[in-house]
Amino acid sequence: MSKSTEAKVPYVVSNIERCMCPRCPVQADSVCTLEKIGNLKNEMKSLGEGEAPEPQKVPGVYCSAGTATCSDLDPNRDCICKTCPVWEEHRLEQASPMMYFCNIGRAT
Ligand code: SF4
Ligand code: SF4
């Protein structure tokens with residue numbers, strides 16, 4: 001794999017916990033996403049400390065995991081990644097793509 005296609009953001013619990021995607025308007029009316037948001041706390045509790053749930057169970061960190069598995073998102077609304085500490089920490093303003101990872105794919 002060439003360096004330019006490597007994910008910039010590690011898929012780890014601390015990033016899942018800080019991700020703003022669960023509060024994003026793009027996902028706000030997604031029944032599929034709301035179900036995942038509702039289940040996430042219990043999902044995290046059922047795992048050992050530091051263990052991350054499978055990406056398809058997490059309604060966020062698309063900058064790391066790639067596109068959303070839910071298909072009822074509304075990409076015409078505003079992405080709020082720029083308000084996220086993970087975005088800032090990993091300097092995703094320099095990544096490609098730099099936003100809408102749920103729709104376009106992970107940051108490289
Ligand atoms: S940058 Fe966006 S996709 Fe990545 S963790 Fe933050 S809100 Fe989620
Ligand atoms: S990647 Fe951006 S547009 Fe997609 S859910 Fe997260 S904050 Fe919203």
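None of the values given here were measured: they were computed from a predicted structure.

Observations concerning the site of ligand 1
Taken together, Cys19, Met20, Cys21, Val61, Tyr62, Cys63, Cys81, Cys84, Val86, Trp87 and Phe101 are the residues near ligand 1. Those elements giving two or more residues to the shell around ligand 1 turn out to be helix H3 (62-65) and helix H4 (85-89).

Thoughts on helix H2 (residues 31-45)
Taking 1.5 Å per residue as the helical rise, H2 with its 15 residues ought to reach 21 Å, and the 23 Å between its terminal C-alpha atoms agrees with that figure. The largest bend along H2 measures about 40° and falls at asparagine 39. Among all positions of H2, only Thr33, Lys36, Leu40 and Met44 are buried.

Observations regarding the site of ligand 2
By nearness alone, every residue bordering ligand 2 is listed as Cys21, Cys24, Val26, Gln27, Tyr62, Cys79, Ile80, Cys81, Tyr100, Phe101 and Cys102. In the shell around ligand 2, the residues fall into 10 nonpolar, one polar and no charged.

Comments concerning the pattern of salt bridges
Counting across every chain of the model gives five salt bridges. One salt bridge in this structure joins glutamate 89 and arginine 18, with 2.8 Å as the shortest N-O distance. Here arginine 18 lies in helix H1 (residues 13-18) and glutamate 89 lies in helix H4, a separation of 71 residues in the sequence. On the basis of relative accessibility, which here comes to 29%, the residue arginine 18 falls in the partly exposed class. Among the salt bridges present, the one from glutamate 54 reaches lysine 57, with a minimum N-O distance of 3.5 Å. Relative accessible area serves as the criterion here: at 41%, glutamate 54 is assigned to the partly exposed category. One connected set of salt bridges, linked through shared partners, spans Asp29, Asp74 and Arg77.

So, the side chain of lysine 36
Mapped onto the elements of the fold, lysine 36 is located in helix H2. Among buried charged residues, lysine 36 stands out as having no salt bridge; its nearest opposite-charge side chain is glutamate 35, 8.3 Å away. Reaching out from lysine 36, the side chain makes a polar contact with the backbone oxygen of glutamine 56 at a distance of 2.6 Å. In this view, lysine 36 contacts Gln56, Lys57, Pro59, Thr69 and Cys70; residues no more than four positions away in its chain are not counted.

About the cut-offs
Residues numbered from 1 in each chain as written. Chains lettered and ligands numbered in written order. Predicted model: local features only at pLDDT ≥ 70, side-chain atom pairs only at ≥ 80, totals over all residues. Heavy atoms only, no water. Near = heavy atom within 4 Å. Helix = DSSP H or I, 4+ residues; strand = E, 2+ residues; numbered from the N terminus. Expected span 1.5 Å × (residues − 1). Bend = angle between axes of the 7 residues up to and from the residue. Buried < 20%, exposed > 50% of the residue type's maximum accessible area, 1.4 Å probe, protein only. Nonpolar A, V, L, I, M, F, W, Y, C, P; charged D, E, K, R; others polar. Salt bridge = Lys/Arg side-chain N within 4 Å of Asp/Glu carboxyl O. Lys, Arg positive; Asp, Glu negative; His and termini not counted. Polar contact = N/O pair within 3.5 Å; in protein donor to acceptor, adjacent residues only side chain to side chain. Contact = heavy atoms within 4.5 Å.

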